[in-house]
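Residue strings, one per chain:
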Amino acid sequence: MSALTLFLPCAGGVEDFLADEVHGLTGLVGQDLLTVRGGVRVRGDPGTAMRLNLWSRLAQRVLIELAHAPYRDEQDLYALAAGVRWEDWFSAHQTFRVDLTAQGSPLRSLNFATLRIKDAVADRFRAQAGGVRPSIDTRRPDARVQAHLTATDASLYIDTSGEPLFKRGWRQDKGDAPLKETLAAAMLAASGWWRPAARQVADAPLYDPCCGSGTIVIEAAQLVLGLPPGGQRRFGFERLRPFERAAWQAIRDEAAALPAARAEPRVFGSDVAHRMVDFAQRNAERAGVARALQLRGGDALQRLPPSDTPGVLLMNPPYGERIAAAGVAGQKARGREAFQGGTLARQRSGATDADEINAGDEFFARLAAHWKSHYAGWTAWLLTPDLKLPARLRLKESRRVPLWNGPIECRLFRFDLTARRPGSDAPAR
């Protein structure tokens, strides 16, 4: 097979980190590795696609571009799709689905555009296979066709990943709205603790004091141990016609043969809810990192540093109704499960939005004071959609990195922690 054009989509703000990661994994540079809005474009071969699926922590998928052309209407999309040799990628006896994304498309109905692409694929198979066409399966298709529309151009891809790459295969226990693994990896890269281009992690300890089901710390521990994020899952390319099983086994064997990294814990996590700590522990065991990770229960406002050496605090802090779940010293926090129920819970307790905001301000002020007293020399990185978080912490950020959590625009704030001023009741700036 000739050289392929790959597109690796990623969350907004992650493009440069993903380009560094791809360079570190493949050595590609220049025109073979281009950073574009929403992802990176890569020139490679089938082995490149398989290796990136196995190793990329930041990409959402690995797509192979099959067609690209200007369009004006749905008929142009039909013609573009009808001209693709889909029979080279899957058979008439397999199933497929079509997904479509768009930015600035003038078309009135994206659903109708998706239907026309699906019709074109089916009609081509009817013509090529004596009237036989593949069936649609929207849940577990053998092949996934991805289309993307801009204001003027259309691109068609075959998806080599199958399930999105944030689904690593180890998560079975989770709390409410868990952080996606790809975003956790982006936080590790943005903080500098993980250097994707060099495929290295810092020697400094890493600690998440509100670890939940363990997403951030498990990603970090896998990096410490040199484990591929996709080592426990299957991929879409395994059901496509060009799949070379021997080549894939060689890539997996190569990953398994990498020298084992040191396993003493330098990644730490804690959570006020012992139920969540249990979840994180079971997830860590399934991910193969339990030996490189230390998990404890405890209030974020009371836990002391897990290491004598200053390191990196990295967390997706609680806000709103999740404030209580983080732990407030002196209050009877019963864990994250005690704070489910949303508005109904607030109504039953008589709490107002103002009460919630005040509780949040108090929590973050006390958290910053605790860090000032016990975490001098550490660097704290906090991901939040709340642009007022530095004011709530009463700290001045030294850096802010834009990152998108799905459709939510967030900032990863950096705070360089210093000791409190003697005799001061408020945290020093």
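Residues numbered from 1 in each chain as written. Predicted model: local features only at pLDDT ≥ 70, side-chain atom pairs only at ≥ 80, totals over all residues. Heavy atoms only, no water.

Caption draft 1: Focus on the nonpolar core. In terms of nonpolar packing, the biggest core is built from 99 residues, with Leu-8 and Trp-193 touching the most fellow members. Once residues lying within four places of it in the same chain are set aside, the contact partners of Leu-8 are Leu-18, Val-22, Gly-38, Gly-39, Val-40, Val-42, Leu-52, Ala-59, Arg-61 and Val-62. (Core = buried A, V, L, I, M, F, W, Y, C linked by side-chain atoms within 4.5 Å. Buried < 20%, exposed > 50% of the residue type's maximum accessible area, 1.4 Å probe, protein only. Contact = heavy atoms within 4.5 Å.)

Caption draft 2: Structural detail: the sheet that holds strand E5 (residues 95-102). Strand order in this open sheet of eight strands is E2-E3-E1-E4-E8-E7-E5-E6, and the pairing throughout is mixed. At either margin of the open sheet sits one strand with a lone partner, and together these are strand E2 (33-36) and strand E6 (135-136). Pairing of strand E1 (residues 4-9) with strand E4 (residues 63-70) involves two bridges; the strand directions are antiparallel. In the strand pairing of E4, Phe-7 is matched with Leu-63. (Pairing = 2+ DSSP bridges. Helix = DSSP H or I, 4+ residues; strand = E, 2+ residues; numbered from the N terminus.)

Caption draft 3: Fine view of the packing of helix H1 (residues 15-26) against helix H2 (residues 46-55). Remark: H1 packs on H2, axes separated minimally by 11 Å, with the N-to-C direction vectors making an angle of 120°. Comparing the axis directions of H1 and H2 gives the class oblique. Relative to H2, the crossing made by H1 is right-handed. From H1, Glu-21, Val-22, Leu-25 and Thr-26 reach across to H2, where they touch Thr-48, Arg-51, Leu-52 and Trp-55. When its residues are assigned to classes, the contact of H1 with H2 shows four nonpolar, two polar and two charged. (Axes fitted to C-alpha atoms, helices over the stretch in contact; angles between N-to-C directions. Parallel < 35°, antiparallel > 145°, perpendicular 65-115°, else oblique. Left-handed = near helix turned anticlockwise from the far one by under 90°. Nonpolar A, V, L, I, M, F, W, Y, C, P; charged D, E, K, R; others polar.)

Caption draft 4: Region of interest: the pattern of salt bridges. Tallied over the full model, the rule gives 25 salt bridges. When the shortest N-O distance is used, the salt bridge between Asp-361 and Arg-392 registers 2.4 Å. Here Arg-392 lies in helix H12 (residues 389-393) and Asp-361 lies in helix H11 (residues 353-374), a separation of 31 residues in the sequence. Among the residues examined, Asp-361 registers a relative accessible area of 28% and is labelled partly exposed. Residue Glu-397 is joined to Arg-400 by a salt bridge in which the shortest nitrogen-to-oxygen separation is 2.7 Å. We classify Glu-397 as buried; its relative accessible area is 15%. (Salt bridge = Lys/Arg side-chain N within 4 Å of Asp/Glu carboxyl O.)

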